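The primary structure of each chain is shown beneath.
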Amino acid sequence: MSPFNPVWPVRSHRGYLAFVVHRVSGVGLAVFLPLHFLALGTAIGGEAALEGFLRWTDHPLVKLAETGLVLLLAAHLAGGLRLLALELLGWRDWQKSAVAVAAGFSLAAGLLFLLNLGL
Amino acid sequence: MPDERTLEVKVWRGGESGRFQAFAVPRRASQTVLDVVTWIQRHLDATLSYRYACRVGMCGSCAMTVNGKPRWTCRTHVDKVADGDTLTVAPLANLPVVKDLATDMAPFFDKWAKAEGRFVPADERPADFHTVPPGTRASRAANAGIECIGCGICYAACDIVRWNRDYLGPAALNRAWTLVNDVRDAGNDVRLAAVAGDAGCHACHSQEGCRTHCPKQINPTASIAGLKRATMVAAFKGRL
Ligand code: SF4
Ligand code: SF4
Ligand code: FES
């Protein structure tokens, strides 16, 4: 860190925001993955164990966490699609809006999941 | 029309370590940041070091950090960037400081050489002028990046340069991409190998700091993406 150049002003643009969202959601998903395998592992321990676990997931707090998870997944997916579009398709001006579309898509997926909870 | 207001300008003094020194500069209409720095040097402190040449946005020598962002100071109006009546001027980031506002550009241009940014003529003694067919995909790609003035602003705005000092950086890679698309050039095998390494195009995270700050509206992110594709194709064909 330089004494005369703060790092944040040069980072205040959409591309950097997209990078942060992609990175944070990626790390979040990586942290969740062992839990996911743990849950699948309970199935090996018999139906009762899995049933118990599945009942635990009915807890509203867990439901909320699941919504967060879907958001993370959607954000990471959208970020990945954005990168693929940017880097593999070559640059077109419409891709400027790719960041916005990615954000909208992730939000929509999260909200959809929330709505489904009530059904 | 003279403006009665004064601008409070904080200017970096010293080398890598140093301090900001405050100056009061009269505010004028259509004043550029370079005007302000020059006024300080002519009227307040002749020992202030900085660099410029053309004053019209062609030479690329006047880039500095203005209120935290890298900018070409000769074409940056104070009105656009001043924070009220204050301005902070510092040397470009990611480069060694020589003194005050002047940075050592050698590492920046050394990387142009490392990226094989020099033209390698396919035909040493052409009988006639070479025709570059206009409107082709290659000539459009070369055109899009060719107006680079080598100011180093993208280099100062890039986080990957900040994190990996060996990273070739947006300007050198953009230069390499213009040559990859130059039909008169024959240096592509060597060039693609040079930009395919750890510190080359694949290190770029497509954060677009370069494209956001480039004063010439060049899009190095797109050029680097082009290099990513070209190196991938070359690798598949066994040419890397
Ligand atoms: S797009 Fe690549 S080269 Fe440009 S600032 Fe971002 S990381 Fe650096
Ligand atoms: S690409 Fe733009 S910001 Fe980078 S050196 Fe060239 S003109 Fe300057
Ligand atoms: S002085 Fe030449 S670009 Fe600013």
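Note: the structure precedes this text.
Enquirer: How should I be thinking about the site of ligand 2 in this particular structure?
Expert: Surrounding ligand 2, one finds B:Cys148, B:Ile149, B:Gly150, B:Cys151, B:Gly152, B:Ile153, B:Cys154, B:Ala171, B:Cys214, B:Pro215 and B:Lys216. In the shell around ligand 2, the residues fall into eight nonpolar, two polar and one charged.

Enquirer: I tried to follow the side chain of A:Asn5 on my own but got confused; where do I start?
Expert: Among the secondary structure elements, A:Asn5 is positioned in the segment before helix H1 (14-44). A distance of 3.1 Å separates polar atoms of two side chains, one belonging to A:Asn5 and the other to B:Thr65. Of note is the side chain of A:Asn5, whose polar atom sits 2.9 Å from the backbone oxygen of B:Pro91. With sequence-adjacent residues up to four places away left out, A:Asn5 is seen in contact with B:Thr65, B:Ala90, B:Pro91, B:Leu92 and B:Ala93.

Enquirer: In this structure, what is going on with the packing of aromatic side chains? I would like to understand it.
Expert: For any two aromatic rings, the description comes down to two numbers: the centre-to-centre distance and the angle of the planes. Enumeration over the complete set of coordinates arrives at ten aromatic pairs over all chains. Centre to centre, the rings of A:Trp8 and A:Tyr16 are 6.2 Å apart; their planes meet at 80 degrees, and the pair counts as edge-to-face. Residue class for A:Tyr16 comes out buried when judged on its relative accessible area of 8%. Consider the rings of B:Tyr50 and B:Tyr52, whose centres lie 5.6 Å apart with planes at 15 degrees: the pair is stacked. Residue B:Tyr50 is classed as buried on the basis of its relative accessible area of 15%. Each member of the aromatic cluster is reached from another via a ring pair, and the members are A:Trp8, A:Tyr16, A:Phe19 and B:Trp163.

Parameters at a glance
- Residues numbered from 1 in each chain as written.
- Chains lettered and ligands numbered in written order.
- Predicted model: local features only at pLDDT ≥ 70, side-chain atom pairs only at ≥ 80, totals over all residues.
- Heavy atoms only, no water.
- Near = heavy atom within 4 Å.
- Nonpolar A, V, L, I, M, F, W, Y, C, P; charged D, E, K, R; others polar.
- Helix = DSSP H or I, 4+ residues; strand = E, 2+ residues; numbered from the N terminus.
- Polar contact = N/O pair within 3.5 Å; in protein donor to acceptor, adjacent residues only side chain to side chain.
- Contact = heavy atoms within 4.5 Å.
- Phe/Tyr/Trp six-rings, centres within 6.5 Å; stacked < 30°, edge-to-face > 60°.
- Buried < 20%, exposed > 50% of the residue type's maximum accessible area, 1.4 Å probe, protein only.

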